[in-house]
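The lines below spell out each chain.
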Amino acid sequence: MAAAMTPLARVQEGFRDKFGDLAGVRYFFAPGRVNLIGEHTDYNGGHVFPCAISLGTYAAARKRNDQKLRFYSTNFPKSGVTLTSLDDLVPLEKKGWAGYPKGVVWAFAQRGYELDCGFDMVVYGDIPAGSGLSSSASLEVLTGCMLRALYGFDAVTNQDLALIGQQSENQYNGMNCGIMDQFASAMGRENHAIFLDCATLQFEYAPLELTGMRLQVTNTNKKHSLVDSEYNLRREQSTAALHDLQERYDIKTLGDLSIEEFEEGKDLIQDEVCRRRAKHAVYENQRTIQAVAALKAGDLVTFGRLMNESHISLRDDYETSCPEADILAEEAWKIPGVLGSRITGGGFGGCTVSIVKDEAVEEFKATVGRIYEEKVGYPASFYTLDIGGGPREL
Ligand code: GLA
């Protein structure tokens, strides 16, 4: 059997096939991310703790002599080549996967970085589709990294790439995401997680030394839908709760509240559902701060327990889990040697992340895999991921 093609070979083949030769073509990569703890806290002014992963999105790209933009993804061959031009980028006109790179071109222009000519771009991503490992943020950061290099926008920092990616996703693609995914992709560092305060963008790298343990990611393989609308609704509910709390507290975000303040003031929140949303945001922020302190102290047992509490809160209070992810997490908790397990990312499907002792990995996969398939009717997938670096030219 022929060896599997490398991602680079795939974008090269795609480029040659769709756009002719490879003369002057340049190559780029940007990672996806997995979030260890701190879920739905980013847009609530709280803390997150994600890391970039070795899976991500690759591009082959070359400038053109005219104003045209041409995009092709080897992941979506049936979509063919998307053709547009620099003066035809219209926000919120949803048009498949190419909306993401188009949105980034648009966001660059919003910040005064106008392109003087178009380009051809072929991409390939090895992040499983719909897995909640941020294939879209990876594609946005990739596009930014590529534009910076091709057009000489040297003043654009990696942190800018994160903000530009978020702006494009919010304003061009209509998904009101926070900053976590783009930040993790743009600022990733090998073997480190990023402890980020989303209110100030102050951050710190924390080494992830899991001696004798592994980071396991398990995909529900659930085709998730309604993600954007439910996500945007969670944001609205959090904002409504914040407004009610602001009657008493001088706060800008839910992340400004301690647990004690929340418990004292929670009855100000009129709506019971919004009250639970706010409870999650406040407690999850504090859990994330505690979890990072525990990790620094080498206390992985506490870190794992906080991961489990995060899952329960997402399941019961924020309601962004799903039965499939609940089965994965709850079955994992029963296995000795699993320190913690929780749904990761936006929710409604996607993956769980677990910390598993080396000697328990086989049992974890076999038992959780068997019970999942029995209950759900199709298998889960198991990945052991490496914590990779940020975006780069190849
Ligand atoms: C998605 C969003 C992020 C973040 C997470 C939940 O991944 O893109 O900004 O809100 O959901 O933590």
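Described below are features of the structure shown in this document. Just so it is clear, the model here is predicted, and its values are computed rather than measured. (Residues numbered from 1 in each chain as written. Predicted model: local features only at pLDDT ≥ 70, side-chain atom pairs only at ≥ 80, totals over all residues. Heavy atoms only, no water.)

Details of the sheet that holds strand 11 (residues 351–357)
Okay, step 1: Taken in spatial order, the four strands line up as 10-11-9-12 in an open sheet, and their pairing is antiparallel. With one partner strand each, in any of the chains shown, strand 10 (338–344) and strand 12 (381–384) form the two edges of the open sheet. Geometrically, the sheet is characterised by an average inter-axis angle of 25° between neighbouring strands, direction not taken into account.
Okay, step 2: With respect to the sheet, helix 10 (residues 323–333) is in contact with strand 9 (213–219), strand 10 and strand 11, its orientation differing from that of strand 10 by roughly 170°.
Okay, step 3: Against the sheet, helix 11 (residues 361–376) engages strand 9, strand 10, strand 11 and strand 12, with an angle of about 20° to strand 9. (Pairing = 2+ DSSP bridges. Helix = DSSP H or I, 4+ residues; strand = E, 2+ residues; numbered from the N terminus. Axes fitted to C-alpha atoms, helices over the stretch in contact; angles between N-to-C directions. Contact = heavy atoms within 4.5 Å.)

Re the side chain of S313
Okay, step 1: Looking at the secondary structure, you find S313 in helix 9 (residues 300–318).
Okay, step 2: For S313, a relative accessible area of 7% translates into the label buried.
Okay, step 3: Those residues within four positions of S313 in sequence are excluded, and the remaining contacts are H280, R287, Y318 and E319. (Buried < 20%, exposed > 50% of the residue type's maximum accessible area, 1.4 Å probe, protein only.)

Let's talk about the nonpolar core
Okay, step 1: In terms of nonpolar packing, the biggest core is built from 44 residues, with F119 and L147 touching the most fellow members.
Okay, step 2: For this core, the element with the highest residue contribution is helix 3 (residues 135–151), accounting for eight residues.
Okay, step 3: If sequence neighbours within four positions are ignored, F119 has contacts with R62, K63, R64, K68, L69, R70, F71, V105, M146, L147 and Y151.
Okay, step 4: One finds L210, M307, V353 and Y383 within the second-largest nonpolar core, a separate group that totals 31 residues. (Core = buried A, V, L, I, M, F, W, Y, C linked by side-chain atoms within 4.5 Å.)

What to know about the site of the ligand
Okay, step 1: The ligand sits among R33, E39, H40, D42, Y43, C177, G178, M180, D181, Y231, G345 and G346.
Okay, step 2: For the ligand, an oxygen atom lies 2.6 Å from a polar atom in the side chain of D181.
Okay, step 3: Compared with its free state, where it exposes 310 Å², the ligand has 95% of that area covered by protein.
Okay, step 4: Within the shell around the ligand, the residues separate by chemical class into four nonpolar, four polar and four charged. (Near = heavy atom within 4 Å. Polar contact = N/O pair within 3.5 Å; in protein donor to acceptor, adjacent residues only side chain to side chain. Areas by Shrake-Rupley, 256 points an atom, 1.4 Å probe, with all protein chains shown as cover. Nonpolar A, V, L, I, M, F, W, Y, C, P; charged D, E, K, R; others polar.)

Overview of helix 6 (residues 227–245)
Okay, step 1: Along its 19 residues, helix 6 runs 27 Å from first to last C-alpha, staying within 8% of the 27 Å computed at 1.5 Å per residue.
Okay, step 2: Of all the positions in helix 6, only V227, Y231, N232, R234, Q237, S238, A241, L242, D244 and L245 are classed as buried.
Okay, step 3: Contacts made by the buried residues of helix 6 are with helix 7 (259–265), helix 8 (272–296) and helix 9. (Expected span 1.5 Å × (residues − 1).)

Brief notes about the packing of aromatic side chains
Between two aromatic rings, the relevant description is the distance of the centres plus the angle of the planes.
Okay, step 1: What the rule picks out here adds up to 17 aromatic pairs.
Okay, step 2: When the centroid spacing of 4.8 Å and the interplanar angle of 50° are considered together, the rings of F29 and Y58 count as tilted. Here the residue F29 occupies a position in strand 1 (residues 26–35), and Y58 occupies one in strand 3 (residues 50–63), the gap between them amounting to 29 residues. Grouping residues by exposure puts F29 and Y58 together as buried.
Okay, step 3: Seen from their ring centres, F49 and F195 are 6.3 Å apart, and the 85° between their planes marks the pair as edge-to-face. Of this pair, F49 sits in the loop between strand 2 (47–48) and strand 3 while F195 sits in strand 7 (residues 192–197), placing them 146 residues apart in sequence. No difference in accessibility class separates F49 from F195, as the two residues are buried.
Okay, step 4: An aromatic cluster is built from F108, Y113, Y151 and F153, whose rings are joined through pairwise contacts.
Okay, step 5: Here the basic side chain of R189 rests over the ring of Y205, its NZ or CZ set 3.9 Å away from the ring centre. (Phe/Tyr/Trp six-rings, centres within 6.5 Å; stacked < 30°, edge-to-face > 60°. Lys NZ or Arg CZ within 6 Å of the ring centre and 35° of its normal.)

Observations concerning the sheet that holds strand 1
Okay, step 1: Here we have six strands laid out as an open sheet, ordered 5-4-6-3-1-13, and mixed in their pairing. Two strands close off the open sheet at either side, each with one partner strand: strand 5 (82–85) and strand 13 (392–393).
Okay, step 2: Relative to strand 6 (residues 119–125), strand 3 is paired through seven bridges, and the arrangement is antiparallel. Considered in strand 6, the bridge of Y58 is made with Y124.
Okay, step 3: In this fold helix 1 (residues 7–19) packs onto strand 1, strand 3, strand 4 (68–73) and strand 6, with an angle of close to 140° to the strand it touches most, strand 6.
Okay, step 4: Contacting strand 1, strand 3, strand 6 and strand 13, helix 3 runs over the sheet at an angle of about 150° to strand 1.

Notes on the pattern of salt bridges
Okay, step 1: For the coordinates displayed, the defined rule picks out 24 salt bridges.
Okay, step 2: With a closest N to O distance of 2.7 Å, R276 and E272 form a salt bridge. Residue R276 and its partner E272 are located together in helix 8, separated by four residues, close to a single helical turn.
Okay, step 3: Here E319 ties to R277 by a salt bridge, and the two come within 3.0 Å at their closest N and O atoms. Separated by 42 residues along the polypeptide, E319 in the loop between helix 9 and helix 10 and R277 in helix 8 bring together distant segments of the chain.
Okay, step 4: Owing to a relative accessible area of 33%, E319 belongs among the partly exposed residues under this scheme.
Okay, step 5: With relative accessibility at 4%, the residue R277 sits in the buried group. (Salt bridge = Lys/Arg side-chain N within 4 Å of Asp/Glu carboxyl O.)

Quick word on helix 8
Okay, step 1: The terminal C-alpha atoms of helix 8 lie 36 Å apart, and with 25 residues this matches the ideal 36 Å at 1.5 Å per residue to within 8%.
Okay, step 2: At the N-terminal end of helix 8, a side-chain oxygen is found 3.1 Å from the backbone nitrogen of V273, two or three residues along, and the residue is D271.
Okay, step 3: The positive-phi residue at the C-terminal boundary of helix 8 is G298, with phi of around 75°.

Structural notes on the environment of G99
Okay, step 1: Locating G99 in the fold gives a position in helix 2 (residues 99–110).
Okay, step 2: Judged by its relative accessible area of 4%, G99 falls in the buried class.
Okay, step 3: G99 sits 17 residues away from T82 along the chain, and the two C-alpha atoms are 9.7 Å apart.
Okay, step 4: With sequence-adjacent residues up to four places away left out, G99 is seen in contact with Y172 and N173.

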